[in-house]
Amino acid sequence: AGNNTNWNFSVNTGTSLYWVGGAGNWGDASHWSFTSGGTPGACVPGPTDDVFFDANSFTNTSKTVTINVANAFCKNMNWTGAGFTPTLAYNVNGFLRIAGSLTLISAMNYNYYGTVNFESRTSGNTITSAGKTFLSTVYFTGLGGAWTLIDPFTTTGYLELTAGTLNTNNQTVSCLYFGSTSGLTRALNMGSTVFTITNYYWNVS
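Residue numbering note: each chain is counted from 1, following its sequence as written. Whole-chain, interface and lining totals are the exception, using all residues; otherwise, since this is a predicted model, local features are given only for residues with pLDDT of at least 70 and side-chain atom pairs are given and counted only at 80 or more. With hydrogens and water excluded, all non-hydrogen atoms of the structure serve as input to the side-chain values.

Participant: Run through the overall build of the protein chain, naming residues and quoting values.
Facilitator: Only DSSP runs of H or I covering at least 4 residues are called helices, and only runs of E covering at least 2 are called strands; the numbering of each starts at the N terminus. The helix and strand tally for the protein chain stands at 0 helices and 23 strands. Taking 17 Å as the expected radius of gyration for a compact globule of 205 residues, we find that the protein chain reaches 18 Å, a close match to that expectation. Along the first, second and third principal axes, the C-alpha set of the protein chain runs to 55 × 50 × 25 Å. Counting over 205 residues, the protein chain shows a buried share of 43%. Working rule for contacts: check all heavy atoms of both residues, and any pair within 4.5 Å makes them a contact. In the protein chain, of all internal contacts separated by at least 6 residues, the share reaching a separation of at least 24 is 38%. Accessibility throughout is a Shrake-Rupley quantity obtained with a 1.4 Å probe, and a residue counts as covered only by protein chains that appear here. Total accessible area on the protein chain stands at roughly 9600 Å², and carbon and sulfur atoms take up 49% of it. Only four residue types enter the charge count: Lys and Arg as positive, Asp and Glu as negative, with His and the chain ends excluded. Here the site of a charge means NZ on Lys, CZ on Arg, CG on Asp, or CD on Glu. The centroid of the 6 positive side-chain charges in the protein chain is displaced by 6 Å from the centroid of its 7 negative side-chain charges. What the globule rule says is 2.2 Å times the number of residues to the power 0.38, and the radius of gyration is computed from C-alpha atoms. Exposure categories follow from relative accessible area, calculated using a 1.4 Å probe and restricted to protein chains: below 20% of the type maximum is buried, above 50% is exposed, and the middle band is partly exposed.

Here is the structure:
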């Protein structure tokens, strides 16, 4: 609308953010640091930021990360190396919006009942469930995005492929319902994958 001479707006390329300080709320900047085990108070993650929960994130007595915001954003989420069997939980029925890859670990508890949106618009994304069950609807929504399952995938909710390419990579998949009806560009590469629909039906059109 004018009056913007000499203003330059650069694309946000994101940063790495590390969880620190044990138990706390996702939306509390005092639990995020720019370095592993470093000074807290960095910022709450946005959709271009990689988030890490590692060996310096938790103590023996405080280990629950509570998503307390309606929309929790990140690019890649990685729990590799996190100790003391941490828990991902929530107190707001919202969305965990992941614009990249997800790596869970077997030595954690997954108690997040909100919706999970995989929103990447690029290829090369992976999902490692590590034996954890998603507890609500999981969407793949990134036009041009591509995701590969590294291990078996289970959700007690719906599984919706809205846009992009889902490579199930010969892994087993279990869901309440599978749907892909958006009309956007989509691809499902199953290989030898067996889908188990635990209720409702398979709906692709």
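Picking up where we left off.
Participant: Pulling in residues and values, what's your account of the side chain of Ser 136?
Facilitator: By the element assignment, Ser 136 lies in the loop between strand 13 (125–128) and strand 14 (138–140). Aside from chain neighbours lying at most four places away, what touches Ser 136 is Tyr 113, Gly 114, Thr 115, Thr 155, Thr 156, Gly 157 and Tyr 158.

Participant: Give me the lowdown on the sheet that holds strand 22 (residues 195–197), citing residues and values where you can.
Facilitator: By the convention used here, strands pair only if DSSP detects at least 2 bridges between them. Taken in spatial order, the 3 strands of this open sheet run 16-19-22, and their pairing is parallel. For this open sheet the edge positions go to strand 16 (153–154) and strand 22, each flanked by a neighbour on one side alone. As paired elements, strand 19 (residues 173–175) and strand 22 share 3 bridges and run parallel to each other. By the bridge assignment for strand 22, Val 173 is matched with Phe 195.

Participant: Account for the pairing of strand 18 (residues 164–167), with residues named and values stated.
Facilitator: The side chains of a regular strand alternate between the sheet's two faces. Pairing analysis gives 3 bridges linking strand 15 (residues 146–149) to strand 18, with the strands arranged parallel. Note that in strand 18 the partner of Thr 148 across the bridge is Asn 167. Here strand 18 pairs with strand 21 (residues 186–189) via 4 bridges, running parallel. Its bridge partner being in strand 21, Gly 164 is matched across the sheet by Arg 186.

Participant: Give me the lowdown on a nonpolar patch on the surface, citing residues and values where you can.
Facilitator: Note that patches include only residues with greater than 30% relative accessible area and no salt bridge, and the join distances are 9 Å for like charges and 5 Å for nonpolar side chains (Val, Leu, Ile, Met, Phe, Trp, Tyr). Any Lys or Arg side-chain nitrogen located within 4 Å of an Asp or Glu carboxyl oxygen qualifies as a salt bridge. A cluster of nonpolar side chains, namely Tyr 158, Tyr 200 and Tyr 201, defines an oily patch on the protein surface of about 330 Å² accessible area. The residue Tyr 201 is located in the loop between strand 22 and strand 23 (202–204) in this model.

Participant: I'd like to hear about the environment of Ser 57, residue by residue, with values.
Facilitator: Turning to its location among the elements, Ser 57 is positioned in the loop between strand 4 (50–52) and strand 5 (64–67). The residues touching Ser 57, leaving out its near neighbours within four places in the chain, are Trp 19, Val 20, Gly 21, Gly 22 and Phe 52. By the criterion applied in these results, polar contacts are pairs of N or O atoms within 3.5 Å in which, for protein atoms, one can donate a hydrogen and the other can accept it, and in which residues neighboring in sequence qualify only through two side-chain atoms. Of the polar contacts made by the side chain of Ser 57, one reaches the backbone oxygen of Trp 19; its length is 2.7 Å.

Participant: Before we move on, can you summarise the pattern of salt bridges with the specific residues and values?
Facilitator: A full pass over the atoms with the stated rule returns 1 salt bridge. In this structure, Arg 97 engages Glu 119 in a salt bridge whose closest nitrogen and oxygen atoms are separated by 2.8 Å. Note that Arg 97 is positioned in strand 9 (residues 95–98) and Glu 119 in the loop between strand 12 (115–118) and strand 13, a separation of 22 residues in sequence.

Participant: Any chance you could break down the state of the cysteines for me, citing the residues and the numbers?
Facilitator: Note on disulfides: each one is a pair of cysteine sulfur atoms within 2.5 Å. Summed over all chains, the structure comprises 0 disulfides. Of all cysteine sulfurs, the one in Cys 43 lies closest to Cys 74, which takes part in no disulfide; the gap is 13 Å. Judged by its relative accessible area of 0%, Cys 74 is buried.

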